[in-house]
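# Structure assessment
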Amino acid sequence: MRLEKTNWDLYYKKSGKVVKTTRNITQNILLLLFKKYTVKPEKICEMGGANSCFYRGIRNVYPDANYIVIDNNDTGLNLFMKNNSNDKNIALVNKDLLTNNAPIINADIVFSIGLIEHFSKTDTAKIIREHFRAVNNNAIVIISFPTPTFLYRIVRVFAELAGIWRFPDERPLLMDKVSTEVSKYGEILESFINWKIILTQGIIAIRPNVTGSEVDTIKLGEI
């Protein structure tokens, strides 16, 4: 059965206070990982970051870095540009990573939050691969995704029953399966579950050793 797709246009236009709180928690974790594993990144790339909710916090810490967003949602990209038109160090790449490869931009940091779980098993592996196409050999890749803990399942069931669940195509992913796939491209530096945001998210940080066009030599799995 083909699942209904998430309405990303609606998502980017609306946000709630609870979501803002959980985003702040995730943002703080991101910044801690950035500081721990990079020195002074010149290029930061967010995949699936149309109308990014993390850009402002990251920009406050890294005011001079080039910030690159890769997404194919016009609504979100337009909102991002409208809200940040005064920043000359941003670049928006409108690209569907299922049908096109990510640009080889040699970024120092590539990350995504809540992206890879919205695809089929094989497409999820392809989206993971594209993170590593965009980085350099000394970079860090950070991928965060929902993972099906007991807490996640309970909260999601109640949200669906209440009619407030907005992500019909979200597939919570097992930590070990994602770890197996990302380890094809480099060394896992950290892997843990973010319990504080209730709808639990797995977070994996990787130091890549396969980057750029070399990623095409890696056989994709199913996640």
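Small disclaimer: the values here were computed from a predicted structure and weren't measured.

## Details of a nonpolar patch on the surface
Together, F150, I154, V157, F158 and L161 make up an exposed nonpolar region whose accessible area comes to about 580 Å². Mapped onto the secondary structure, L161 falls in helix α6 (residues 150-161). Residue class for L161 comes out exposed when judged on its relative accessible area of 70%.

## Let's talk about the sheet that holds strand β5 (residues 135-146)
Ordered by their spatial adjacency, seven strands build an open sheet running β3-β2-β1-β4-β5-β7-β6, and the pairing between neighbours is mixed. Either end of the sheet is taken by a strand with one partner, and the two such strands are β3 (90-94) and β6 (186-194). Across the sheet, the mean angle separating the axes of adjacent strands is 15 degrees when strand polarity is ignored. In this structure, β5 lies alongside strand β7 (residues 201-208), joined through six bridges in antiparallel fashion. Bridge assignment links S144 to a residue of β7, and that residue is I203.

## As for the nonpolar core
Core analysis: the largest hydrophobic core is formed by 34 residues, its most contacted members being M47, I128 and V178. At the level of secondary structure, the elements contributing two or more residues to this core comprise β1 (43-47), β2 (66-71), β4 (107-113), α5 (121-133), β5, α7 (175-182) and β7. For this core, the leading source of residues is β5, giving five residues. For V178, the contacting residues outside a window of four places in its chain are I116, I128, F145, L173, I204 and I223. If you look at the next biggest cluster of nonpolar residues, it comprises 30 residues, including Y12, L33, I109 and F111.

## With respect to the pattern of salt bridges
Evaluation of the coordinates by the stated rule reveals eight salt bridges. Between E190 and K36 there is a salt bridge whose closest N-O contact spans 2.7 Å. Taken together, the residues span a long stretch of sequence, with E190 in strand β6 and K36 in helix α2 (residues 17-37) at a distance of 154 residues. The class of K36 is exposed, set by a relative accessible area of 54%. Among the ionic pairs, E160 bridges to R156, the shortest N-O distance being 2.9 Å. Highlighted residues: E160 and R156, both in helix α6, separated by four residues, approximately one helical turn. One network of salt bridges, in which partners are shared, links K126, R129, E130, R133 and D216.

Scoring rules and cut-offs
- Residues numbered from 1 in each chain as written.
- Predicted model: local features only at pLDDT ≥ 70, side-chain atom pairs only at ≥ 80, totals over all residues.
- Heavy atoms only, no water.
- Patch = residues over 30% accessible without salt bridge, like charges linked within 9 Å, V, L, I, M, F, W, Y side chains within 5 Å.
- Areas by Shrake-Rupley, 256 points an atom, 1.4 Å probe, with all protein chains shown as cover.
- Salt bridge = Lys/Arg side-chain N within 4 Å of Asp/Glu carboxyl O.
- Helix = DSSP H or I, 4+ residues; strand = E, 2+ residues; numbered from the N terminus.
- Buried < 20%, exposed > 50% of the residue type's maximum accessible area, 1.4 Å probe, protein only.
- Pairing = 2+ DSSP bridges.
- Axes fitted to C-alpha atoms, helices over the stretch in contact; angles between N-to-C directions.
- Core = buried A, V, L, I, M, F, W, Y, C linked by side-chain atoms within 4.5 Å.
- Contact = heavy atoms within 4.5 Å.

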